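Structure at a glance
Given next are the chains, with one letter for each unit.
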Amino acid sequence: MKKENNVSRRNALKGIGATVATLVASPSLTAMGSSYSANTSNPGLKNPLDKYPKPPYPKQQQPHPGLASQMDPIPDHGEKSYKGNGRLQGRKALITGGDSGIGRAAAIAYAREGADVAINYLPAEEEDAKQVVALIKEAGRKAVALPGDITDAAFCKTLVENAVSQLGGLDILVNNAGYQKSNLSIMDISDDSFDATMKTNIYALFWITRAALPHLPPGASIIATTSVQAYDPSENLFDYSQTKAANVAYVKSLSKQLGPKGIRVNGVSPGPIWTPLQVCGGQEQESLPEFGADTPLARAGQPAELASIFVQLADNSASYSTGQIYGAAGGGGQP
Ligand code: NAD
Ligand code: MG
């Protein structure tokens, strides 16, 4: 019965397609399982399917925390493409994990939008961080490099103090650093690994936010990077997915607390994004070539594709958005 309905609906839609094709000369339309294609001569229009490398990706492994510069293909963080429009003029941002991946894309975009930017990263990532510092300076903005381990409570406090003193204030806080280790069974998760995941992805946000709050003026914006894993956790990311659900709760609770102070708190929920996190233990080696293949866009996303979301959430123009989670997952996942 259900099948018949589908068939007759398909035929009806085919009929509509034929009519549209007759009325509008160039596009050809056939619906339900067939293809829709329209010719366009607008060079400003980019097909998201063809914009970036597609699976299969080469197998590769780096020791944690990994370097973007050693990845194949090298991720796009918007180095050549991001164009600013003065949306964050004079703003002061601290971004954790700002050396690579999603944090680097945000750092480049923020600087090109007119913000001074401090980045935190692990000392082993100095090579990636240096490139980001150079890009921020090229944009004509102040760059502050603050390496250190955010699983250390005392460091988190110092990190914020140094960011505030060197930037001359703080009005954007991006809690983006994260640790992800794939384990096929709960039995394989060591106490140390579990602890590193919780400390990096939950405790650090608490420590950093608590230290930053006294410095954040009304109009300031806090952004946390959560994940589709918060909503539909994979079996191999048992501990990581719990931390990403915690990040959603962080946004939902803190936004209520800080709304009356005029401080907005939002989250970004990426799907599969091509970053070092995934090639230094975040994914099983066997899964890496097909990373992102199961999304409707049939590929992994690139960090550059999330930059405009981080800009939007920090921008004054998004003044009524707080407690929200913005997704970028190639059509898969939640929210
Ligand atoms: P990435 O490896 O480029 O960035 C993660 C960063 O976290 C590292 O660069 C590192 O500087 C930082 N970090 C990790 N442990 C740290 C520690 N102890 N002290 C200080 N810094 C530390 O990878 P990414 O994918 O851009 O990750 C950024 C965020 O995006 C993470 O929160 C991650 O959970 C989230 N995310 C990523 C994906 C994805 O598919 N890549 C999907 C959903 C969510
Ligand atoms: Mg890195």
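Residues numbered from 1 in each chain as written. Chains lettered and ligands numbered in written order. Predicted model: local features only at pLDDT ≥ 70, side-chain atom pairs only at ≥ 80, totals over all residues. Heavy atoms only, no water.

**A closer look at the overall build of the chain**
Test applied: In this description a helix means any DSSP run of H or I spanning at least four residues, a strand means any run of E spanning at least two, and both kinds are numbered starting from the N terminus. Type-normalised accessible area, obtained with a 1.4 Å probe on protein chains alone, sets the label of each residue: buried when under 20%, exposed when over 50%, and partly exposed for intermediate values. In what follows, a contact means two residues having at least one pair of non-hydrogen atoms within 4.5 Å. A 1.4 Å probe and the Shrake-Rupley method give the accessible areas. Residues count as covered only by the protein chains that appear here.
Helix and strand content of the chain: eight helices and nine strands. The buried share of the chain, taken over its 335 residues, is 49%. Put simply, of all contacts in the chain between residues at least 6 apart along the chain, 76% involve residues at least 24 apart. Entry remark: accessible area of the chain is about 15800 Å², with carbon and sulfur atoms responsible for 55%.

**Looking at the coordination of the magnesium ion (ligand 2)**
Let me state the cut-off plainly: Distances define the donors: N, O and S atoms within 2.8 Å of the metal qualify, as do those within 3.2 Å of Na, K or Ca. Water is excluded, so some sites may look unfinished.
For the magnesium ion (ligand 2), the protein coordination sphere consists of Asp99 (OD), Ser100 (OG) and Glu125 (OE), at 2.1 to 2.2 Å. Spacing between the donor residues of the magnesium ion (ligand 2) along their common chain follows D-S-x24-E. Separated by 26 residues along the polypeptide, Asp99 in the loop between β3 (92-96) and α2 (101-112) and Glu125 in the loop between β4 (116-121) and α3 (126-138) bring together distant segments of the chain. For the pair Asp99 and Glu125, a shared accessibility class is recorded, and that class is buried.

**What about the site of ligand 1?**
What counts, and what does not: For this purpose, a residue is taken to be near a molecule or strand whenever a single non-hydrogen atom of the residue falls within 4 Å of it. Think of a polar contact as two N or O atoms within 3.5 Å of one another; within protein, one of them needs to be a possible hydrogen donor and the other a possible acceptor, and neighboring residues in sequence only count if both atoms come from side chains. For this classification, Asp, Glu, Lys and Arg are treated as charged, while Ala, Val, Leu, Ile, Met, Phe, Trp, Tyr, Cys and Pro are nonpolar and the rest, including Gly, are polar.
Around ligand 1, 31 residues are found, and the nearest of them are Ser100, Glu125, Tyr240, Thr275 and Gln278. Here an oxygen atom of ligand 1 and a backbone polar atom of Asn176 are 2.7 Å apart. In isolation ligand 1 offers 800 Å² of accessible surface; the protein chains occlude 97% of this area. Among the elements of the structure, α2, β4, α6 (238-258) and α7 (276-282) are those that each provide at least two residues to the shell around ligand 1. Per-element tally for the shell around ligand 1: the top contributor is α7, with three residues. Classifying every residue of the shell around ligand 1 by side-chain character gives twelve nonpolar, 15 polar and four charged.

**Brief notes about the side chain of Arg264**
Our working definition: Within this scheme the basic residues Lys and Arg register as positive and the acidic residues Asp and Glu register as negative, but His and the chain ends are omitted. Only one rule defines a salt bridge in this text: a Lys or Arg side-chain nitrogen within 4 Å of an Asp or Glu carboxyl oxygen.
Within the secondary structure layout, Arg264 lies in strand β8 (residues 264-270). Of the buried charged residues, Arg264 lacks a salt bridge, with Asp315 as the closest side chain of opposite charge at 6.7 Å. For Arg264, the side chain forms a polar contact with the main-chain oxygen of Ser321, separated by 3.1 Å. In contact with Arg264, not counting residues within four places along its chain, are Ala220, Ser221, Ile222, Leu313, Ala314, Asp315, Ala318, Ser319, Ser321 and Thr322.

**Considerations on the pattern of salt bridges**
Applying the stated criterion to the full structure yields nine salt bridges. In this structure, Arg87 engages Asp315 in a salt bridge whose closest nitrogen and oxygen atoms are separated by 2.7 Å. In this pair, Arg87 sits in the loop between β2 (36-37) and β3 while Asp315 sits in the loop between α8 (307-314) and β9 (325-328), placing the two residues 228 residues apart along the sequence. For Asp315, a relative accessible area of 8% gives the class buried. The shortest N-O distance in the salt bridge between Asp128 and Arg104 comes to 3.6 Å. Pair noted here: Asp128 is in helix α3 and Arg104 is in helix α2, with a separation of 24 residues, a long-range link.

**Topic: the confidence of the model for the chain**
For clarity, the cut-off: The predictor attaches a confidence to each residue, called pLDDT, with possible values from 0 through 100.
Chain-level pLDDT for the chain is 91 on average; 89% of the residues reach the 70-or-more range. Counting interchain partners and residues more than four positions distant, the pLDDT-below-50 stretch residues 1-31 has 19 contacts.

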